[in-house]
Amino acid sequence: AHRSWPVGLFCYDAFFVFKSDVMLTVATQIEAPAKFLWAAVGAGADAGGRYPFSVLGLGDVVVPGAFVGLLRELDKEQGRAGGGSEEEAREASYFQVGLGAYAAGLLSTFAANYLTKSGQPALVYIVPSLLLSAVAT
């Protein structure tokens, strides 16, 4: 179950960004506190009709955050979280690796957004990095 919901949202995100204009319409036309905006690289006064912001949806933060939170709980359950011997302190925890994987997934999303100059489904980059890191740890 812990892997099925990120994979399901991965498919949902990819479908609604690549196969329909629903996500793009929601991200660019609805003003609600459910997204993070920042100036798109190279978008200024000469944006040429292009939406002048890059958008990160609330789900792109909440879903991976919940998964990383579950990794933290797994660390606690296995005794990897905090304290312990010096040898345990050197061992990477699921939480630490998951947090790094989330950052790597976000960087991949930003890079793809910049290179393609179009909207990208963030979960397509974040979910694989999180799942691979959890399996590899």
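Located above this text is the structure these notes cover.
Residues numbered from 1 in each chain as written. Predicted model: local features only at pLDDT ≥ 70, side-chain atom pairs only at ≥ 80, totals over all residues. Heavy atoms only, no water.

Q: Provide a residue-level description of the environment of Cys11, including the pertinent values.
A: With respect to the helices and strands, the residue Cys11 is situated in helix H1 (residues 4-18). Its relative accessible area of 45% is what places Cys11 among the partly exposed residues. (Helix = DSSP H or I, 4+ residues; strand = E, 2+ residues; numbered from the N terminus. Buried < 20%, exposed > 50% of the residue type's maximum accessible area, 1.4 Å probe, protein only.)

Q: Tell me what's going on with helix H3 (residues 59-78), and back it up with residues and numbers.
A: Helix length check: H3, at 20 residues, gives a terminal C-alpha distance of 28 Å against a target of 28 Å (1.5 Å per residue), a fit within 8%. Taken together, the buried positions of H3 are Asp60, Val63, Pro64, Phe67, Val68, Leu71 and Asp75. Within H3, the buried residues cover an arc of 130 degrees as seen down the axis, which keeps them to one side. Here the buried face of H3 lies against H1, strand S2 (53-57), helix H5 (94-116) and helix H6 (122-136). Within two residues after H3, Gly79 carries a phi angle of roughly 75 degrees, on the positive side. (Expected span 1.5 Å × (residues − 1). Arc of directions from axis to C-beta. Contact = heavy atoms within 4.5 Å.)

Q: Go over the nonpolar core with me, naming the residues and quoting the values.
A: With 15 residues, the main nonpolar core has Phe67, Leu71, Tyr102, Leu106, Ile126 and Leu130 as its most contacted residues. Counting only elements with at least two residues in this core, the list comes to H3, H5 and H6. Considering every element that reaches this core, the biggest residue donor is H6, with seven residues. In this structure Leu130 touches Pro64, Phe67, Val68, Gly98, Ala101 and Tyr102, once residues within four positions along its chain are discounted. (Core = buried A, V, L, I, M, F, W, Y, C linked by side-chain atoms within 4.5 Å.)

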